[in-house]
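Descriptive structure summary
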Amino acid sequence: MAASIAARRLLSRATAARRVLPLASVAALAPRRFSAGASVPPQTPTPTLPPPPLEPTPEPLGSEGAGAGASSSSSSFTGTGASGAHRSSPGAAAGARRQAGAGYQEEQEKVLRASLLHVPRMGWSESAMVAGARDVGVSPAIVGAFPRKEAALVEFFMDDCLQQLIDRIDAGEGEQLKTLILSERLSKLVRMRLEMQAPYISKWPQALSIQSQPANVSTSLKQRAVLVDEIWHAAGDAGSDIDWYVKRTVLGGIYSTSEVYMLTDNSPEFRDTWTFVNRRIKDALDLQKTFQEAAYLAEAMGAGVGGTVQGVLNRVFQNRSP
Amino acid sequence: MTLRAAAAARRLASCTRQQSVVLGSQAEAAHLLAPGMAAGSPRAAAAFLHSHATSFGYKQVREEEKSKLVGNVFSSVASSYDVMNDLMSAGLHRLWKDRLVSKLSPFPGMKHLDVAGGTGDVAFRVLDSIKSVSRRAVGGAISDIEEDTHIYVCDINPNMLNVGKKRASERGYNEEKCLSWIQGDAEALSFEDGSMDGYTIAFGIRNVTHIEKALAEAYRVLKRGGRFLCLELSHVDVPLFKQIYDVYSFSVIPAVGELVAGDRQSYQYLVESIRRFPNQENFAQMIQEAGFERVEYENLVGGVVAIHSGLKL
């Protein structure tokens, strides 16, 4: 399974010719299942992403301290595990280790996916993860081995939604988008992504609070940055000017405010939220146009004033010349 | 050379490499040799190895003798075990056990085995943790599963189990149907394959004759996805702290043992057995060789204790 995912990722990278998100923090991410980012801003070389680690090292303990007076340090052990007289070659040992790591990743993904079914009832909690583990037939004790428990579940959901969004765009919705104007394209993509949260909306405030915990903030921001970049890329933005950052910052703000608006929306099928999204995106693009027009005006005025001053100076100097 | 003897030899060699151990004198080992065999001769060494020698502190003893000697130690200290733990660790052992249980993440419906846990310290914490999870659970969503919760406390020493049972009744755990006290050996557990969600052993694996066997048994009884956690006194690597810790270990602990428990030798053994135990990396290697994945360890108080964990997949 892991191999097929890797193959699919390579294929999607090759066909879509997607480039890497330029934010240093995001570039540092090991590649996930989805294509990590879309377009590159000015003067930013495309960084080469490192291969994913064979066995993920444990994450910082975060809020779980070792207790007063018990200073702690943790370490992950990745020995070859070859025992007896016949020691396996380093290559074989590494292969076995990679396989073991893949086995864990696969089990983790199965458990987290099954856990999502229990989130509407149990929330983004260990209880949901325990129920998910039971569903897939592994001991729920495995949940204790996940680095940041509930945060792992929320992060998995975010990654999975992004992958679904990319799959839908690649499966043909991308073609339909081409017939729409930019504001409609962006609105549709934001809506597609927010609709994925609809089944979990009653528990989404809990997810937001988990994401805002200090230990989880950086991953949360990276995930949102990648999401916003994918949306711009799918909307057809291939710009490489200074607007690159502005566009992503503005859309990130719109996405976050829409997400919060959605929590208080009681209209049927979140109609008010979609209206809100449409308006905000239109406003942002209109504002961008206004800024551009202001810039052109300033440029023109500058050119005009400059021309006038230059003309006056020329005359002065011409008169003074013998 | 038998596999067991080879393992013992390998353990001895690794201990020598770490320079964290002082081997017992030849005089101490001499009683194991056949009559007329010089203590220093190669033949004597071979015979010693074939007798399945193991360590009891810094002494070399026959494997059959070790469990008896360890049994005597714990029978001797059982009554003053709690007081001595508090004195030796300045109460920190409570925090270490809390950390062990928080890493375990117990859940309602859990089948858990606590080995060498006769006093019930870890078992009570696991039980309390499960109860608190149940209280936090949404609208009794897991109350039906709660009945399946079962914690087994396994210890080879009946005196230690008696201490645990007594404490259970004092703390009101006697009514708990989910708590079972079983006399058993970590190297030959009486539980079925794949029957446990969790396995903990706190300050116990050091006293096992064959660590590899105990780890293999832990792997056997765990379900797929089950976790192994071991809290054990380990090796300090911080230079200045190491010297202070050594002085404290070899001078203070045995003296306190004599003063409080009236038993210097047992606490001398305790200190020596810590030094003979494999260091963090070597023990992690042993856990991995037993078949566990995601093997990690966490040092507490600069390596005075370490929590090793592994996952069965």
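In this convention, every chain numbers its residues from 1, walking through the sequence in written order. Chain letters start at A and ligand numbers start at 1, both assigned in the order the entries are written. Note on the predicted model: pLDDT of at least 70 is required for a residue's local features to be given, and 80 or more for side-chain atom pairs to be given and counted; whole-chain, interface and lining totals, by contrast, use all residues. Hydrogens are left out, water is left out, and the side-chain values use all remaining heavy atoms of the structure.

By the naming in an unreviewed UniProt entry, chain B is 2-methoxy-6-polyprenyl-1,4-benzoquinol methylase, mitochondrial, taken from Eragrostis curvula. Looking at chain B in UniProt, the text filed under Subcellular location (unreviewed entry) is "Mitochondrion inner membrane". UniProt positions are given in the numbering used here, feature names are shortened, and annotations may be inferred rather than shown by experiment. Quoted verbatim from the Catalytic activity (unreviewed entry) field of the UniProt record, the comment on chain B reads "a 2-methoxy-6-(all-trans-polyprenyl)benzene-1,4-diol + S-adenosyl-L-methionine = a 5-methoxy-2-methyl-3-(all-trans-polyprenyl)benzene-1,4-diol + S-adenosyl-L-homocysteine + H(+)".

Chain A appears in an unreviewed UniProt entry as Ubiquinone biosynthesis protein from Eragrostis curvula. What UniProt records for chain A under Subcellular location (unreviewed entry) is the sentence "Mitochondrion".

Some points on the overall build of chain A
Each helix is a run of DSSP H or I of at least 4 residues and each strand a run of E of at least 2, with the numbering of both proceeding from the N terminus. A tally of regular secondary structure across chain A gives 11 helices and 1 strand. What you see in chain A, going N to C, is helices and strands ordered as α-α-β-α-α-α-α-α-α-α-α-α. Burial statistics for chain A: of 322 residues in total, 43% are counted as buried. Computed with the Shrake-Rupley method and a 1.4 Å probe, the accessible areas treat only the protein chains shown as cover for residues. Counting every atom, chain A has about 16,700 Å² of accessible surface; 59% of that belongs to carbon and sulfur. Summary of the burial criterion: residues with accessible area below 20% of their type's maximum are buried, those above 50% are exposed, and those between are partly exposed, where the area comes from a 1.4 Å probe applied to protein chains only.

Concerning the pairing of strand S8 (residues 293-300) of chain B
All names here are of chain B. With 8 of 8 residues buried, S8 is to be regarded as a mostly interior element. Here 6 bridges tie S8 to strand S9 (residues 305-311), and the two strands are oriented antiparallel to one another. Pairing of Glu296 across the sheet is with Ser309, part of S9. Strand pairing is defined by DSSP finding a minimum of two bridges between the two strands. Connecting S8 to the next strand, S9, in antiparallel fashion are 4 residues, including Val301 with a positive phi near 50°.

Structural notes on the UniProt feature "binding site: S-adenosyl-L-methionine" (unreviewed entry) in chain B
Residue and element names in this part refer to chain B. Under the UniProt annotation, the feature "binding site: S-adenosyl-L-methionine" (unreviewed entry) is placed at Thr119, Asp155, Asp185 and Ala186. Secondary-structure assignment places Thr119 in the loop between strand S3 (111-115) and helix H7 (121-136). Examined against the element boundaries, Asp155 turns out to sit in strand S4 (residues 150-155). By definition, residues are in contact when any of their heavy atoms lie within 4.5 Å. In contact with Asp155, other than residues within four places in its own chain, are Ala116, Gly117, Gly118, Met160, Leu161, Ile182, Gln183 and Gly184.

Considering helix H8 (residues 204-211) of chain A
Among the residues of H8 of chain A, those classed as buried are Trp204, Ala207, Ile210 and Gln211 of chain A. With its buried residues spanning 110° around the axis, H8 of chain A presents them on a single face. Throughout, the arc means that of the directions going from the helix axis to the C-beta atoms.

Regarding the packing of helix H7 (residues 182-195) of chain A against helix H10 (residues 243-263) of chain A
Residue and element names in this part refer to chain A. Each axis is a line fitted through C-alpha atoms, and for a helix only the stretch in contact is used; angles between axes span 0 to 180 degrees, taken between their N-to-C directions. Here H7 crosses H10 at 45°, and the two axes come no closer than 11 Å. Taken together, the axes of H7 and H10 lie oblique to each other. At the point where H7 passes H10, the crossing takes the right-handed sense. Contacts from Leu186, Val190, Arg193 and Leu194 in H7 reach Leu251, Tyr255, Ser258, Glu259 and Met262 in H10. Classification used: nonpolar for Ala, Val, Leu, Ile, Met, Phe, Trp, Tyr, Cys and Pro, charged for Asp, Glu, Lys and Arg, polar for all others including Gly. Split into classes, the residues belonging to the contact of H7 with H10 amount to 6 nonpolar, 1 polar and 2 charged. With respect to orientation, any angle under 35 degrees is reported as roughly parallel, any angle over 145 as roughly antiparallel, any angle of 65 to 115 as roughly perpendicular, and every other angle as oblique. In this scheme, a crossing is called left-handed if the near helix is turned counterclockwise away from the far one by less than a right angle; it is called right-handed if the turn is clockwise.

Here's the deal with the packing of helix H10 (residues 211-221) of chain B against helix H13 (residues 280-289) of chain B
Residue and element names in this part refer to chain B. Between H10 and H13, the least distance of the axes is 9 Å, while the angle of their chain directions is 50°. As judged from the angle between their axes, H10 and H13 are oblique. The handedness of the crossing between H10 and H13 comes out as right-handed. Judged by residue contacts, Ile211, Glu212 and Leu215 of H10 engage Phe283, Met286 and Ile287 from H13. By residue class, the composition of the contact of H10 with H13 is 5 nonpolar, no polar and 1 charged.

Remarks on the packing of aromatic side chains
In this analysis, rings of Phe, Tyr and Trp, with Trp reduced to its six-membered ring, are considered paired at centre separations within 6.5 Å, and the interplanar angle assigns stacked below 30 degrees, edge-to-face beyond 60, and tilted for intermediate values. All told, the structure shown has 17 aromatic pairs over all chains when counted by the stated rule. Judged by centre distance (5.6 Å) and plane angle (45°), the ring pair of Trp124 of chain A and Tyr200 of chain A falls under tilted. Here Trp124 of chain A, found in the loop between helix H4 (119-122) and helix H5 (126-136), pairs with Tyr200 of chain A, found in the loop between H7 and H8; they are 76 residues apart in sequence, far enough to count as distant. Taken together, the aromatic side chains of Trp124, Phe157, Tyr200 and Trp204 of chain A make up a single cluster linked through ring pairs. Two conditions define a charge located above a ring, namely a distance within 6 Å from the ring centre to NZ of Lys or CZ of Arg, and an angle within 35 degrees of the ring normal. A cation over an aromatic ring shows up here: Arg280 of chain A above the ring of Phe276 of chain A, its NZ or CZ 4.9 Å from the ring centre. It is Lys312 of chain B that lies over the ring of Tyr219 of chain B; its NZ or CZ is 4.8 Å from the centre.

Some points on a nonpolar patch on the surface
Residues and elements named next belong to chain B. The grouping of Val83, Leu87, Leu259 and Val260 at the surface amounts to a nonpolar patch, some 380 Å² of accessible area in total. Among the secondary structure elements, those contributing two or more residues to the nonpolar patch are helix H5 (81-89) and helix H11 (239-261). According to the relative accessible area criterion, Val260 is partly exposed, its value standing at 37%. Two joining distances apply to patches: 9 Å for like charges and 5 Å for nonpolar side chains (Val, Leu, Ile, Met, Phe, Trp, Tyr), and every residue must have over 30% relative accessible area and no salt bridge. Salt bridge criterion: a side-chain nitrogen from Lys or Arg within 4 Å of a carboxyl oxygen from Asp or Glu.

As for unusual backbone geometry
Of note, Phe270 of chain A is a non-glycine position whose phi angle comes to about 55°, a positive value. Within the secondary structure layout, Phe270 of chain A lies in the loop between H10 and helix H11 (271-320). The phi dihedral of Ala90 of chain B is positive, around 55°, even though this residue is not glycine. Here Ala90 of chain B lies in the loop between H5 and helix H6 (92-104).

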